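Coordinates in review
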Amino acid sequence: PQTNRSRAHPPPQGCVCVCVRIFLGCLVTMSRVAGIPSLKAFMMRKEVLSLYRSIAKESRRLDESERDSTLEFARSQFRSMKDIDDSQHIRYLLMEGRKQLDAYKNLLNRTH
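Nothing here was measured: the structure is a model prediction, and the numbers come from that model.

**Here we look at helix 4 (residues 87-111)**
Taking 1.5 Å per residue, 25 residues should reach 36 Å; helix 4 reaches 36 Å between its end C-alpha atoms and fits that length. Along helix 4, the residues that are buried comprise Ser87, Ile90, Leu94, Gly97, Leu101, Tyr104 and Leu108. Looking at the packing, one finds that the buried side of helix 4 touches helix 2 (39-59) and helix 3 (64-80).

**Thoughts on the pattern of salt bridges**
Working definition: two side chains of opposite charge can pair if their charged atoms are close together. For the structure on display, the rule yields four salt bridges. Residue Glu47 pairs with Arg98 through a salt bridge whose shortest N-O separation is 2.7 Å. Taken together, the residues Glu47 in helix 2 and Arg98 in helix 4 connect sequence positions 51 residues apart. For Glu47, a relative accessible area of 30% translates into the label partly exposed.

**Section: the nonpolar core**
Among the nonpolar cores identified, the biggest contains ten residues, and these are Met44, Leu51, Ile55, Leu62, Ala74, Ile90, Leu94, Leu101, Tyr104 and Leu108. Of all the secondary structure elements, the ones that give two or more residues to this core are helix 2 and helix 4.

How each quantity is defined
- Residues numbered from 1 in each chain as written.
- Predicted model: local features only at pLDDT ≥ 70, side-chain atom pairs only at ≥ 80, totals over all residues.
- Heavy atoms only, no water.
- Helix = DSSP H or I, 4+ residues; strand = E, 2+ residues; numbered from the N terminus.
- Expected span 1.5 Å × (residues − 1).
- Buried < 20%, exposed > 50% of the residue type's maximum accessible area, 1.4 Å probe, protein only.
- Contact = heavy atoms within 4.5 Å.
- Salt bridge = Lys/Arg side-chain N within 4 Å of Asp/Glu carboxyl O.
- Core = buried A, V, L, I, M, F, W, Y, C linked by side-chain atoms within 4.5 Å.

Any functional reading would require information beyond the geometric quantities listed.
Here it is as structure tokens:
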């Protein structure tokens, strides 16, 4: 037997859109207050870490002393630039870092 339950009606279409906007606005505000990085900052951080890991991976092809000095140089470069928060400057540094890594790979391929 069917029971007579009151069924909830879906909210009007415009209401969902407003709720989503309010939710996204709250997330943005929370991220600024709580120090949670924005999606853009999160993605850039991911690219920076990927570049660092690529450098570390390529350095494995070197002997121990060269590998240590290469990794120490890379660490010092990354640390010296860790407080940069201008997204255009970070993009530029990523582009330059990728160019240097490609040149490093080419050099290693010719010598090893």
